[in-house]
Protein chains: 2
Amino acid sequence: MTRQGPLDLSLLPDGGVRWLDASGPNADIVISTRLRLARNLVGYAFTGRARDGERLRMLAQVKEALAHVPILDGSVLLRLDESAQLDRQLLHERHLVSKELAGLDPQHPLRTGAAVFLGEQVGVLVNEEDHLRLQAMRSGFDVPAAFAMASRMDRELGERVPFAFHKEFGFLTACPTNVGTGLRASVLIHLPGLVLTKEIGKVLAGLQQMGLTYRGLYGEGSEVVGNFFQLSNQTTLGRSEEELQDLLVRVVRHVIEREEEARRVLVRDAGYIIEDKLWRAYGTLRFARSLSFEEAMNFLSGVRLGVGLKLIPGLSVYTLNKLLIFAQSAHLAHLEGRALTDSESNLARARYVRQVLATEGSGVE
Amino acid sequence: MTRQGPLDLSLLPDGGVRWLDASGPNADIVISTRLRLARNLVGYAFTGRARDGERLRMLAQVKEALAHVPILDGSVLLRLDESAQLDRQLLHERHLVSKELAGLDPQHPLRTGAAVFLGEQVGVLVNEEDHLRLQAMRSGFDVPAAFAMASRMDRELGERVPFAFHKEFGFLTACPTNVGTGLRASVLIHLPGLVLTKEIGKVLAGLQQMGLTYRGLYGEGSEVVGNFFQLSNQTTLGRSEEELQDLLVRVVRHVIEREEEARRVLVRDAGYIIEDKLWRAYGTLRFARSLSFEEAMNFLSGVRLGVGLKLIPGLSVYTLNKLLIFAQSAHLAHLEGRALTDSESNLARARYVRQVLATEGSGVE
């Protein structure tokens, strides 16, 4: 059932890209929905306090159990603690593991026993802040589907291993903000309309009042680039899974409507100025010889808005999603087969973006 | 021999574009060479002091004489005083008539009798500041060829009409700076390398010390845009035609060498940064939906440098020269068949540039 070898993401059940395929609802605005459940096993100290041997025993127990869990049939085990840094960065850039699990967060060095089981649009992160993080990802805005998959993982795995549970508090977790359902639902959403109309500040303040929080492309502490935001629930304690989902769905639906309204206003009030701006972004991506990550994200944001507004025809949202992920440094290093300096990375990024746009958007005019 | 009708520049002997065809020496740096001789006819007051009837009689005498001048065989007479403003602008943008003759200079309203005879790379401007301005234009850097043509015009026409000549001062002209040979030689030159390396100030100061002067794309008082400069001799009095030509040739050759050196330095010290900058200029021109004239000239300057450095393959200098001239407002209005507001002009400019680059540079990658 599980296997181990050199990192080749194409060997994953869904290639690790299914969540990018733009097949889900509202895919022009919401790139993906992710749902994770934090779980800990009875009988082991929390990851941060456990010793190496304890974490390895826990991993072995989970591995044994997962052999009998249908939803993870065919999943691949990747041992992060035995992986090269570039491979761990690659997994993180692909949104398959957290920065902490990948040992890329200076405050949390790579832990012995850090591992991930990756199946079709699902994953089990082992020895993260909690023993287990059951994670489901879906294309577009689709909380119910992501929740259904995560719940099934939770149920099937919970029949095989004992999760730490307190009848009053619910599931026990290393950090109090996760106690209860251990559920965090998030969407990766593109809000260029609200940024351009300068409405974004108000919208984000409103989110926080509703108990949601926002982050950049790479989760906690990461900067917002290219107008891509991750919106998620802030705490889980004292609320049911249904309440948490309902809240996220309601608020995100509202944000999508505000974004759509902002786009209508832009087209109405600044039609050809916007059109020109978005086409210039396309022209720069199409021909630049050097692109920093931030620049690429900003131009990509413009092109994505152009495609969403049907001003730029002939380009698919899937192509743009791929660029969003594959134009990152570790992906480029992987493509080139070697570590790259920053300026080499900028050259490789421009080359990659040009090739993809020339191939997959050859009719764009 | 001469004819008159609605303005259709394609009816001109060389279509009014031969000087743009990039066939001359150093055509990647020097767009064109222009040589003009100021002449006045005996028996008439200078244009600025003459009455309408006098100017018309002078025009009639010149027209009569030109019928017997071989080098102007097949030339077309255009009466500026009977032309619409847009047509006069078109001729000025095409560099076929001066701003003053076209009545576009607020200090010199359109004069009765203002006219031009246009032949193959030669023209006779009538009732400009002087009665006649004999003008020859050549592609690239080619002072001898331009001088040969202007001299032949001077000789052939001088046999038919009496030019005002003083044995001590030489040819008499309305403005003292032209007295003597009445010769002004100028080159339209592209100096992006010297601008980018910030050497341009020194070079221009040196020019002035040598008795040359510089202007923008449209002669006296016009701003420098897109790193295009017109270099010409400042005065003619007290120097022979040969001395004036030698001076211009020597100085311009030196400027060309400095420009080439600057380009080598740029490629050596900032290779991929320059390459990226020039390709971004291309990408913007290739896809923008609105372009002001100044922006278009600046991006075109970048692309021209890229072509000169052989960094951007598949584009001809002729295509770039055409864009330089045809992307101007009156040309765009002519193309669209109606007067355009500034913002309509910007849209039409972007559309025209896109079409030309898509058609004539389809292999650019």
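Not measured: the values here are computed from a predicted model. (Residues numbered from 1 in each chain as written. Chains lettered and ligands numbered in written order. Predicted model: local features only at pLDDT ≥ 70, side-chain atom pairs only at ≥ 80, totals over all residues. Heavy atoms only, no water.)

Caption draft 1: Expanded view of the interface of chain A and chain B. Across the boundary between the two partners, chain A contributes 21 residues, which contact 21 residues of chain B. Here chain A packs against chain B, burying approximately 1900 Å² in sum over the two surfaces, 58% of which is carbon and sulfur. When the area that chain A buries against chain B is broken down by residue, the three leading residues are Arg280(A), Phe287(A) and Arg289(A), summing to 37%. On inspection of chain A and its partner chain B, the count reaches two salt bridges. The salt bridge partner of Glu295(B) is Arg280(A), with a shortest N-O separation of 2.8 Å. Breaking the side of chain A that touches chain B down by element, the ones donating at least two residues are α6 (241-287), α7 (293-308) and α10 (342-360) of chain A. Ranked by residues supplied to the side of chain A that touches chain B, first place goes to α6(A) with ten residues. Tallied by class, residues from the side of chain A that touches chain B come to ten nonpolar, four polar and seven charged. (Contact = heavy atoms within 4.5 Å. Buried area = accessible area lost by both parts, 1.4 Å probe. Salt bridge = Lys/Arg side-chain N within 4 Å of Asp/Glu carboxyl O. Helix = DSSP H or I, 4+ residues; strand = E, 2+ residues; numbered from the N terminus. Nonpolar A, V, L, I, M, F, W, Y, C, P; charged D, E, K, R; others polar.)

Caption draft 2: Broad picture of the confidence of the model for chain A. Residues and elements named next belong to chain A. In this model, chain A carries an average pLDDT of 90, and 95% of its residues clear a pLDDT of 70 or more. The low-confidence segment residues 1-6, where pLDDT is below 50, has 15 contacts with residues more than four positions distant or belonging to other chains. Under the prediction, the complex receives an ipTM of 0.87, its pTM being 0.89. (pLDDT = per-residue confidence, 0-100.)

Caption draft 3: The arrangement of the domain arrangement of chain A in detail. Residue and element names in this part refer to chain A. Domain boundaries assigned for chain A yield domain 1 (1-180) and domain 2 (270-360). With 16 residues of domain 1 at the interface, the matching set in domain 2 holds 14 residues. Roughly 1400 Å² is buried in total at the junction of domain 1 and domain 2, and carbon and sulfur atoms are behind 66% of that figure. Counting the contacts that link domain 1 with domain 2 gives zero salt bridges. (Domains from an automatic or database assignment.)

Caption draft 4: Layout of the sheet that holds strand β1 (residues 30-39) of chain B. All names here are of chain B. Strand order in the open sheet formed by eight strands is β2-β3-β4-β5-β1-β8-β10-β9, and the pairing between neighbours is antiparallel. Edge positions in the sheet fall to β2 (76-79) and β9 (212-215), since each of these pairs with one other strand and no more. The mean inter-strand angle of the sheet, taken between neighbouring strand axes irrespective of direction, is 20°. Two strands pair when backbone bridges link them, and strand β3 (residues 115-118) and strand β4 (residues 122-126) are joined in this way by four bridges, in the antiparallel orientation. Note that in β4 the partner of Phe117 across the bridge is Val124. In this fold helix α5 (residues 200-209) packs onto β9 and β10 (228-233), with an angle of close to 135° to the strand it touches most, β9. Contacts from helix α6 (residues 241-287) reach β1, β8 (183-190), β9 and β10, with the element oriented near 10° to β8. (Pairing = 2+ DSSP bridges. Axes fitted to C-alpha atoms, helices over the stretch in contact; angles between N-to-C directions.)

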